[in-house]
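Observations on the three-dimensional arrangement
These are the residues of each chain, in order.
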Amino acid sequence: CEIIFRSYDGGHTAITKVSVTTNKLYLKDAVDRADALVEEFYTEESYADVQAALVVAKEQYNDENATQENINSATDLLNDALSKLVKNPYANVYVSSSVGGSVLYEGELYSGSNNKLRVLIENGLTVKAVADEGYHFVCWRDANGNIISTNEIDTFAIDYSAYFTAEFEKVN
């Protein structure tokens, strides 16, 4: 934004140009924090509020003619929504089993790959590996293939997303 001041003195005109810039650093910081959020980690309503405020914030950030007042308002709106985010008490947990067995969770058997469960985070995940006839349980593996337990029945602490695979092998 450019402001021009004119002053007249005894028939002479003096023109002074002053450039006024806006500061979007705090807005950028809030936008970056909101963009980094993972939707499943928060309740649907609180996440939607952040997304609505994020739209307004990005409009102001991308507007070359935005006033500092509008920038500050968008920053405050987004920071307020971010401060009111509510963590989701549930996690998406995926359980799989290799050939030769299944996974028992809350009385239901799951076999095959990536069976999605909604699990209350504070309770963790208690599962049992159930071997088919002619097979035996070997171990539980995480998403990276690391052995995390050799107990047929186990309780795992979980975060917002977790993968567990029960591995079985044929009895010789």
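A quick note: this is a predicted structure, and the numbers were derived from the prediction, not measured. All residue numbers refer to position in the chain's written sequence, counted from 1. Whole-chain, interface and lining totals are the exception, using all residues; otherwise, since this is a predicted model, local features are given only for residues with pLDDT of at least 70 and side-chain atom pairs are given and counted only at 80 or more. The side-chain figures draw on all heavy atoms in the structure; neither hydrogens nor water molecules are used.

Attention shifts here to the overall build of the chain. Each helix is a run of DSSP H or I of at least 4 residues and each strand a run of E of at least 2, with the numbering of both proceeding from the N terminus. The number of helices and strands found in the chain is 3 helices and 11 strands. Secondary structure elements in the chain, listed N-terminal to C-terminal, are β-β-α-α-α-β-β-β-β-β-β-β-β-β. A fraction of 62% describes how many contacts in the chain between residues 6 or more apart in sequence connect residues 24 or more apart. Here, two residues are considered to be in contact whenever any of their heavy atoms come within 4.5 Å of each other.

For the rest of this paragraph, the subject is the pairing of strand β11 (residues 161–170). Two elements, strand β3 (residues 90–97) and β11, share 6 bridges in a ladder whose sense is parallel. The partner of S96 across the bridge, within β11, is T165. A strand pair is defined by DSSP finding two or more bridges across the two strands. Note that strand β8 (residues 135–141) and β11 share 6 bridges and pair antiparallel. By the bridge assignment, H136 is partnered in β11 with E169.

Strand pairing in a sheet relies on backbone hydrogen bonds, with the paired strands running either antiparallel or parallel. Within the open sheet, the 4 strands sit side by side as β5-β4-β7-β10. Their pairing is antiparallel. Two strands in the sheet have a free side with no partner beyond their single neighbour: β5 (108–110) and β10 (153–156). Pairwise comparison of adjacent strand axes, ignoring direction, gives a mean angle of 30 degrees for this sheet. Alignment of strand β7 (residues 125–131) against β10, held across 4 bridges, turns out to be antiparallel. Note on β10: the bridge partner recorded for T126 is T155. Axes, fitted as lines to C-alpha atoms, cover a helix only where it is in contact. Angles between the N-to-C directions of the axes lie from 0 to 180 degrees.

Time to look at a negative patch on the surface. A contiguous patch of negative charge, built from E39, E44, E45 and D49, is present on the exposed surface. Positionally, E44 belongs in helix α2 (residues 44–62). What goes into a patch is any residue over 30% in relative accessible area without a salt bridge, connected to like charges within 9 Å or, for nonpolar side chains (Val, Leu, Ile, Met, Phe, Trp, Tyr), within 5 Å. Here the accessible surface of atoms and residues is derived via Shrake-Rupley with a 1.4 Å probe, and residues count as covered only by protein chains that are part of the display. For this analysis, a salt bridge means a side-chain nitrogen from Lys or Arg found within 4 Å of a carboxyl oxygen belonging to Asp or Glu. Only four residue types enter the charge count: Lys and Arg as positive, Asp and Glu as negative, with His and the chain ends excluded. Note on charges: their place is set at NZ of Lys, CZ of Arg, CG of Asp or CD of Glu.

So, on to the sheet that holds β11. With mixed pairing, the 5 strands of this open sheet are ordered in space as β6-β3-β11-β8-β9. Strands with a single pairing partner mark the edges of an open sheet, and in this sheet they are β6 (115–120) and β9 (147–149). Pairs of neighbouring strands in the sheet enclose a mean axial angle of 40 degrees, with direction left out of account.

Here the focus is the nonpolar core. Counting residues in each nonpolar core, the largest one holds 19 residues, and the members touching the most others are V93, V95, L125, W140, I158 and F164. Looking at which element gives the most residues to this core, the answer is β11, with 4 residues. What V95 contacts, discounting residues up to four positions off in sequence, is V103, Y110, G112, S113, N114, N115, L117, L125 and F164. For the purposes of this section, nonpolar cores are sets of buried Ala, Val, Leu, Ile, Met, Phe, Trp, Tyr and Cys residues that join through side-chain atoms within 4.5 Å. Relative accessible area decides the class of each residue, using a 1.4 Å probe on protein chains only: under 20% of the type maximum gives buried, over 50% gives exposed, and in between gives partly exposed.

Moving on, we get to the environment of A157. The topology assignment puts A157 in the loop between β10 and β11. Note: C-alpha distance between A157 and I121 (36 residues apart in sequence) is 7.7 Å.

Relative to the helices and strands, E106 is located in the loop between β4 (101–105) and β5. Assessed through its relative accessible area of 68%, E106 is described here as exposed. The definition of a polar contact used here is a pair of N or O atoms within 3.5 Å, where within protein one atom must be able to donate a hydrogen and the other to accept one, and adjacent residues in sequence count solely through side-chain atom pairs. Engagement of the side chain of E106 in a polar contact is seen with the side chain of Y105, the distance being 3.4 Å.

This brings us to the side chain of N92. Locating N92 in the fold gives a position in strand β3. The buried category is assigned to N92, whose relative accessible area is 10%. Sequence-distant contacts of N92, that is, excluding residues within four places in its chain, are made with E40, K116, L117, R118, Y160, S161 and A162.

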